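# Commentary on secondary and tertiary structure
Residue strings, one per chain:
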Amino acid sequence: MKEITLEVNKRDDHGKGVARKLRAAGRIPAVAYGKDHDPIPLDIEYEQFRQTMRSLQGENALYNLSINGQTHEDKALIRDVQRDPILGSVLHIDFQYIKMNEKIRMSVPVKLQGTSIGVKNNSGVLQWKHRTMELTALPQHIPESIDINIEELNIGDAVHAGDLDYPDVEFVVGEMETLVSVMAPKVSKLPSTGAEGEEGVEGVEEVAETEESAEPEVISEKKAEDRQSDKDK
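One structure accompanies this document, and this report is about it. (Residues numbered from 1 in each chain as written. Predicted model: local features only at pLDDT ≥ 70, side-chain atom pairs only at ≥ 80, totals over all residues. Heavy atoms only, no water.)

## Structural notes on helix 2 (residues 46-56)
Convention followed: Burial classes follow relative accessibility: with a 1.4 Å probe on protein chains only, a residue under 20% of its type's maximum area counts as buried, one over 50% as exposed, and anything between as partly exposed. Helix and strand labels come from DSSP, where a helix needs a run of H or I of at least four residues and a strand needs a run of E of at least two; each type is numbered from the N terminus. For this quantity, the arc is that covered by the directions from the helix axis to the C-beta atoms. Only heavy atoms matter for contacts: two residues are in contact if any of them lie within 4.5 Å across the pair.
Three or more residues of helix 2 are buried, namely Gln48, Phe49, Thr52, Met53 and Leu56. The buried residues of helix 2 occupy an angular sector of 130° when projected down its axis, which confines them to one face. Among the structural elements, strand 1 (3-10), strand 2 (27-34), strand 3 (37-45), strand 4 (62-67), strand 6 (76-83) and strand 7 (90-97) are those in contact with the buried residues of helix 2.

Structure (structure tokens):
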């Protein structure tokens, strides 16, 4: 993973009122915690964080947190980003300090490369089951993304977890777990046609079923009298 340095401030006050003031001032409330570390309330400039996320195209990176100009000895990961459900703006960030010699478990995005020949040439349907994957590894071995080349996938082909070539990581799912596959297109059933244009068996069965299921009209005595009266006229 890439290493990123973020300039952050340590804050003494906390609470909803303080968080609102920070956001109004263009800063994001945050906290850093971890093994053998007390939680540290922080805040970070919104624009700096936005530009960092844009350059990474994601959140997976090793962060060197420079707190009031002093870089912490341990690196950190982003464990949670709270966003406004309507605007999508960042409301709060959780950083977790980690040890580089200890394995960690985290989620990594899956990215597909190329276009499947089964989709391109045979109208196949691509089924992408896992958009992210949980894995365990030392921090320096965690990839930014799991890249899968799908160019050679034809109809009926699939990529399983055991096909991935990431020797330094352990995936949480089993080796036979399907990650992406190409299925045959769905074809709607049409009535078959005989050589002389007559309906085939399927068409006949549908007609027969329709005729059998139709209920006959029950003519009451009143209706019969009315009909006879109409004839007399």
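Having put the structure on the table, let's press on.
## Quick notes on the packing of aromatic side chains
What counts is decided by this rule: Aromatic pairing here means that ring centres of Phe, Tyr or Trp (its six-membered ring) are within 6.5 Å. Orientation follows from the plane angle: under 30 degrees is stacked, over 60 is edge-to-face, and everything else is tilted.
What the rule picks out here adds up to 2 aromatic pairs. For the ring pair tyrosine 63 and phenylalanine 95, a centre distance of 5.9 Å and an interplane angle of 70° mean the geometry is edge-to-face. Taken together, the positions of tyrosine 63 in strand 4 and phenylalanine 95 in strand 7 put the pair 32 residues apart, joining distant regions of the chain. The burial state of tyrosine 63 is the same as that of phenylalanine 95; both residues are buried.

## Looking at the sheet that holds strand 8 (residues 104-113)
Our working definition: When DSSP locates at least two bridges between a pair of strands, those strands are taken to pair.
Taking strand neighbours across the sheet as the criterion, the 4 strands line up as 11-8-10-13 in an open arrangement whose pairing is mixed. The open sheet terminates on both sides in strands that have one partner only, identified here as strand 11 (146-149) and strand 13 (170-171). Bridge count between strand 8 and strand 11: 4 bridges; the pairing is parallel. Residue pairing across strands places lysine 111 opposite aspartate 147, the latter belonging to strand 11.

## Let's talk about the side chain of lysine 75
Note the threshold: Side-chain atoms alone can form a polar contact between residues adjacent in sequence; in general such a contact is a pair of N or O atoms within 3.5 Å, and within protein one must be able to donate a hydrogen while the other accepts it.
Assignment of secondary structure puts lysine 75 in the loop between strand 5 (70-71) and strand 6. Classification of lysine 75 by relative accessible area gives buried; the value is 19%. One polar contact links lysine 75 to asparagine 64, side chain to side chain, over a distance of 3.0 Å. Excluding residues within four positions of it along the chain, lysine 75 makes contact with Glu3, Leu62, Tyr63, Asn64, Gln96, Tyr97, Ile98 and Met100.

## A word on the sheet that holds strand 9 (residues 125-128)
The cut-off we apply is this: The axes used here are C-alpha line fits, helices contributing only the stretch in contact, and every angle between their N-to-C directions lies in the interval 0 to 180 degrees.
The strand order across the open sheet formed by 3 strands is 9-14-12, and the pairing between neighbours is antiparallel. Looking at the sheet topology across the chains shown, the edges are occupied by strand 9 and strand 12 (158-160). Recorded for the sheet is a direction-independent mean angle of 10° between the axes of neighbouring strands. Where strand 9 lies against strand 14 (residues 178-183), 4 bridges are found, and the strand directions are antiparallel. Directly across from tryptophan 128, in strand 14, lies its bridge partner valine 180.

## A short note on the pairing of strand 10 (residues 132-137)
With burial as the criterion, only one face of strand 10 is covered, namely that bearing Met133, Leu135 and Ala137; the residues Thr132, Glu134 and Thr136 on the opposite face remain uncovered. For strand 8 and strand 10, the ladder comprises 6 bridges, and the chain directions are antiparallel. Counterpart to methionine 106 in the pairing with strand 10 is leucine 135. As judged from the 2 bridges shared by strand 10 and strand 13, these two strands associate in the antiparallel manner. Bridged to leucine 135 within strand 13 is phenylalanine 171.

## Re the pattern of salt bridges
To keep it simple, the criterion reads: Counted as salt bridges are all cases of a side-chain nitrogen of Lys or Arg within 4 Å of a carboxyl oxygen of Asp or Glu.
Under the defined criterion, the tally for this structure stands at 8 salt bridges. With its nearest N and O atoms 2.9 Å apart, the salt bridge here joins glutamate 3 to lysine 75. With glutamate 3 in strand 1 and lysine 75 in the loop between strand 5 and strand 6, this residue pair connects regions lying 72 residues apart in the sequence. Given a relative accessible area of 44%, glutamate 3 falls into the partly exposed group. Of the charged contacts in the structure, one is a salt bridge between glutamate 102 and lysine 35, with a shortest N-O distance of 3.7 Å.

## Examining the side chain of serine 66
Relative to the helices and strands, serine 66 is located in strand 4. Polar contacts involving the side chain of serine 66 include one to the side chain of glutamate 7, which spans 3.2 Å.

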